[in-house]
Amino acid sequence: MENKKIGVYICTGCGIGDALDIEKLGEDGTEDRTVAVCKNHPAMCSKEGAELIKQDIESEGVNTVVVAACSPRVMYDVFDFPGCIVDRVNLREQVVWCHPPQDEDTQMMAEDYLRMSLAKVEEMDLPEAYMPDEEMYRDILVVGGGISGLTAALETAKAGYNAVLVEKEPELGGFQKKVDLIAASPYKDIKDNDLKLLIDAVNGNDKITVYTGATVEKTEGGPGVFKVTVKQNGTGKEHGIGAIVNAAGWVPYDPQKLDEKLGYGKSPNVITNMQFEENSSGGKVTRPGDGKEVKNAAFLQCAGQRDPNHLSYCSSVCCTTALKQALMIKKQDPEANVFVVYKELRTPGQAEDLYRRAQEEGITFIRCQDPEVKAEGDSVTVEAEDELLGETITLDNLDLVVLATGMVPVSSFGRDVAKEEVEESEGEELEDVPLDVIRRSNILNLTYRQGPELPALSNEFPDSHFICFPYETRRTGIYAAGCIRRPMGRGTAFEDAAGAAMKAIQSVELAHRGAAVHPRAGDMSFPEFAMQRCTQCKRCTVECPFGAINEDEKANPLPQPTRCRRCGVCMGACPERIISFKNYSVRMIGNMIKAIQVPEEDEEKPRVLVLACENDAYPALDMLGMRRINYNPWIRVIPLRCLGSMNLVWIADSLSKGIDGVLLLGCNSGDDYQCHFIKGSELSQIRLSKVSETLNRLALESERVHFDTVSIIDYKNLPEMFEKFMDTIEEVGPNPFKGW
Ligand code: SF4
Ligand code: SF4
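The rules behind these values
Residues numbered from 1 in each chain as written. Chains lettered and ligands numbered in written order. Predicted model: local features only at pLDDT ≥ 70, side-chain atom pairs only at ≥ 80, totals over all residues. Helix = DSSP H or I, 4+ residues; strand = E, 2+ residues; numbered from the N terminus. Buried ≥ 20, exposed ≤ 12 C-beta atoms within 10 Å, placed from the backbone. Contact = placed C-beta atoms within 7 Å. Near = placed C-beta within 6 Å. Nonpolar A, V, L, I, M, F, W, Y, C, P; charged D, E, K, R; others polar. Pairing = 2+ DSSP bridges. Axes fitted to C-alpha atoms, helices over the stretch in contact; angles between N-to-C directions. Parallel < 35°, antiparallel > 145°, perpendicular 65-115°, else oblique. Left-handed = near helix turned anticlockwise from the far one by under 90°. Core = buried A, V, L, I, M, F, W, Y, C linked by C-beta atoms within 7 Å. Domains from an automatic or database assignment. Expected span 1.5 Å × (residues − 1). Arc of directions from axis to C-beta.

Student: Account for the overall build of the chain, with residues named and values stated.
Tutor: Within the chain, the secondary structure is distributed over 19 helices and 32 strands. Each of the three principal axes of the chain carries a C-alpha extent, and together these read 95 × 60 × 55 Å. For the chain, the residues scored as buried account for 50% of the 740 residues in total. Long-range contacts, defined here as pairs at least 24 residues apart, represent 70% of the contacts in the chain between residues at least 6 apart.

Student: I'd like a description of the site of ligand 2, backed by residues and values.
Tutor: Taken together, the neighbourhood of ligand 2 is formed by 14 residues, with Cys534, Cys537, Arg539, Cys540 and Cys574 sitting nearest. Here the residues of the shell around ligand 2 sort into 9 nonpolar, 2 polar and 3 charged.

Student: Could you give me a rundown of the sheet that holds strand S1 (residues 6–11), with the residues and numbers involved?
Tutor: Read across the sheet, 4 strands follow the order S2-S1-S3-S4 without closing on themselves; strand pairing throughout is parallel. The open sheet has two edge strands with one neighbour each: strand S2 (37–41) and strand S4 (85–90). Adjacent strand axes in the sheet meet at a mean angle of 15° when their direction is disregarded. Where strand S3 (residues 64–69) meets S4, 6 bridges bridge the pair, whose relative direction is parallel. Across the sheet, the residue bridging to Val66 is Asp87, located in S4. Helix H3 (residues 47–60) contacts S1, S2 and S3 of the sheet and is inclined by roughly 160° relative to S2. With respect to the sheet, helix H5 (residues 104–123) is in contact with S1, S3 and S4, its orientation differing from that of S4 by roughly 160°.

Student: Describe the pairing of strand S31 (residues 661–666), naming the residues involved and giving the relevant values.
Tutor: Burial within S31 is extensive, with 6 of its 6 residues counted as buried. Every second residue of S31 is oriented toward a common face, with Gly661, Leu663 and Leu665 on one face and Val662, Leu664 and Gly666 on the other, all of them buried. Here strand S29 (residues 608–613) runs beside S31; their pairing, made up of 5 bridges, is parallel. In the sheet register, Leu609 faces S31, and the bridge partner there is Val662. Pairing analysis gives 5 bridges linking S31 to strand S32 (residues 705–709), with the strands arranged parallel. If you follow Leu665 over to S32, its bridge partner there is Asp708.

Student: Can you break down the packing of helix H6 (residues 147–158) against helix H12 (residues 490–512) residue by residue, with the values?
Tutor: Where H6 contacts H12, the axes come no closer than 8 Å and their chain directions differ by 45°. As far as their axial angle goes, H12 and H6 are oblique. In this structure, H6 crosses over H12, and the sense of that crossing is right-handed. Where H6 abuts H12, its residues Ile147, Ser148, Thr151, Ala152, Glu155 and Thr156 lie against Arg490, Ala493, Phe494, Asp496, Ala497, Ala498, Ala500, Ala501 and Ile505. Looking at the contact of H6 with H12 residue by residue, the class counts come to 9 nonpolar, 3 polar and 3 charged.

Student: Could you give an account of the site of ligand 1, naming the residues involved and the relevant values?
Tutor: The immediate surroundings of ligand 1 are formed by 13 residues, with Cys544, Cys564, Cys567, Val569 and Cys570 found nearest. For the shell around ligand 1, a count of residues per class yields 10 nonpolar, 1 polar and 2 charged.

Student: Report on the nonpolar core, specifying residues and quantitative values.
Tutor: Among the nonpolar cores identified, the biggest contains 117 residues, and Val245, Val341 and Val401 are the most heavily contacted of them. The greatest single-element share of this core, amounting to 10 residues, is contributed by H12. Each of domain 2 (140–251 + 410–512) and domain 3 (254–405) accounts for three or more of the residues forming this core.

Student: So what about the environment of Phe365? Which residues, and what values?
Tutor: Mapped onto the secondary structure, Phe365 falls in strand S18 (residues 364–367). Residue classification places Phe365 among the partly exposed residues on the basis of 18 C-beta atoms within 10 Å. On a C-alpha basis, the gap between Phe365 and Arg565 in space is 50 Å, while along the polypeptide they are 200 residues apart. Residues in contact with Phe365, not counting those within four places in the same chain, are Val340, Tyr342 and Leu345.

Student: Describe in detail helix H17 (residues 648–656), supporting the description with residues and values.
Tutor: Among the residues making up H17, those that are buried are Trp650, Ile651, Asp653, Ser654 and Leu655. If you follow the buried residues of H17, they end up packed against helix H15 (586–594), S29, S31, helix H18 (680–697) and S32. After H17 finishes, the residue Gly658 shows a positive phi value of roughly 100°.

Student: Give me the lowdown on H3, citing residues and values where you can.
Tutor: With 14 residues, H3 extends 19 Å between its outermost C-alpha atoms, agreeing within 8% with the 20 Å of an ideal straight helix rising 1.5 Å per residue. For H3, the full list of buried residues reads Gly49, Ala50, Ile53 and Asp56. The buried side chains of H3 occupy one side of the element, clustering within an arc of 115° when seen end-on. Exposed residues on H3 whose side chains face more than 90 degrees from its buried face are Lys47, Glu48, Glu51, Gln55, Glu58 and Ser59. Summarising the contacts, the buried residues of H3 are in contact with S1, S2 and S3. Backbone geometry just downstream of H3 places Gly61 in the positive-phi region, at approximately 75°.

Student: Before we move on, can you summarise the packing of helix H9 (residues 318–332) against helix H10 (residues 352–360) with the specific residues and values?
Tutor: Running from N to C, H9 and H10 cross one another at 35°; their axes reach a closest spacing of 10 Å. H9 and H10 meet at a crossing whose hand is left-handed. Contacts from Thr320, Leu323, Ala326 and Leu327 in H9 reach Leu354, Tyr355, Arg357 and Ala358 in H10. Considered class by class, the residues forming the contact of H9 with H10 number 6 nonpolar, 1 polar and 1 charged.

Student: Give me the lowdown on the sheet that holds strand S16 (residues 296–300), citing residues and values where you can.
Tutor: The strand order across the open sheet built from 5 strands is S15-S22-S16-S17-S18, with neighbouring strands paired in parallel fashion. Every interior strand has two partners, whereas the edge strands, strand S15 (270–272) and S18, have only one. Each strand of the sheet is rotated relative to its neighbour by a mean of 20°, with strand direction disregarded. Judged from the 4 bridges that link them, strand S17 (residues 337–342) and S18 form a sheet pairing that is parallel. Bridge pairing in S18 links Val341 to Ile366. Across the face of the sheet, H9 comes into contact with S16, S17 and strand S22 (400–403) while running at roughly 170° to S17.

Here is the structure:
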């Protein structure tokens, strides 16, 4: 923005005015900048306070507003002035609520934060929404015609959007086609499968285009601008698509991989729960080996499930399914002996009623951790140490043993091959690593630089965050629903599909406004590349956690802004520092760092810069304020969109400015990953390992720069963390560049 006219508005409410010398703050905090107006108000967030700012915008021509008041995490709707650059100085939560009032250090902190904000707005520009040149679309592609896919398509249509449903089998219905009787709410009894009603509803809806016996041959583009080629009967047809729901489902765990003790393969009468459904067409259960009647049957739960050697998770539906299947046998022959051998029986919610029903029908439950199946031809025996009776029970003459095997996301096909490639590449340059852990299952066939399918995190499910974002995958605008996302039963799949469809619609609408999806929902900024200086190093195209940057044959990055989540990881990665946002850039943060006043060495007041992830660490700092917990006043905090956006030059800027130490606060990575941008936090650690060598070369102690993780619930640990780091700084002594 040309000709910025800056207005500074200091709130004196919420204890700010009592704790600080407001006049001095207004004078000293603004002394290095040209500020058009600097005003106070006892409650800036009140109608009158906001009006004061609006009047200056209208009559004084203020176009850049700095509000020094509460945390930017609150009152953002009050301090939203369209057409103006707005920045917030967090005086309340991070200065006066967590530091002593009328104290020199508290005052210095407030003044620094105001200086830093003014340095920031000087570099900031108003983001302009990215609108693609090409035509934009709102239709939703749904891949998979099982319960989840059918429901997602139907919910999409109910919301007024068109859906294109692609099913690879010749008929709709998915696995449920094989199921005649179901266990469903209210779980008082088993009942007929009503799948046909759902299929008919989809087929009869003129907002849904159905392809069966079809696959997705190619998916290019991004949210709002996907071009998807659907192949059916050898012919491809292109659809313009706004967003995608991947409901491609699951496959059963391979029973051949189970422990020998479970007897799979030793007798035709030892089958899996899936095979039970296939063998009981019309609801009639027979002995698989010879089709004779079933008089004695045993169900063995958790076959390979909740077992780190097989599937470490619970597939959530197998216990209820076993109850249903056991009841099917009992209904057919009330005299049949039916046993369920379980480690724990899990029947969440109303499904507990089916458990009671099974007990009433005379089904016997045996709690045993390690049953053994002995089978020879048609004769099958199960030995189980009953934990409740404390004795070994032998179930012999069994006509049928059913193993509860689990659900594996269909997207994990080919995982082994891809994983091997990644492992083989370790130790090589980052750009040579073959594109993360890529799926090879040919579901979406994305034409993305980072690979054709959805990457997965824990347990091979293609999710993107340990806690916060259901349905979200690591590809923007593509949502996972149903058993490809996590194991679930019919009831949950209905809800899941509706949720994913709504997220897809939300993504489409945001793309049409040029705005980001969460966690930066509504953000209009996007990364811009000064391509003249690009060295084609591929850092950005490799490190973008969302595959939002394609690459041409000369390795030039080809950003796809509608896929971008605005995390800034590319900005942190770029060694040439040519990637920036209108309101977030390497230079902007660099100038904020330079605006910190560093006391001379003999004043013995060290300064530590905290680069804090705005998703967890920064809110954790706010929590300290809200709980009035004091912490070291010599730290200065700069929130980052993601720690992965940290550019190493900021460390150099800090240390050359005389700042004594830099503490990076990011999210946990690893198995309980919590980074909102997947691996940003991890990437910043990798970058940091490189900075240590540089620091040592400059004769600066590597201890001056430290990385730590914090989640919002760990806020109480922060003061101690700061103290520990201050102790380290004291040990290594003041920064020798101080005062240069
Ligand atoms: S790294 Fe983040 S900001 Fe950069 S292109 Fe990817 S999603 Fe967008
Ligand atoms: S990281 Fe920077 S220099 Fe490297 S390819 Fe991307 S834009 Fe070009």
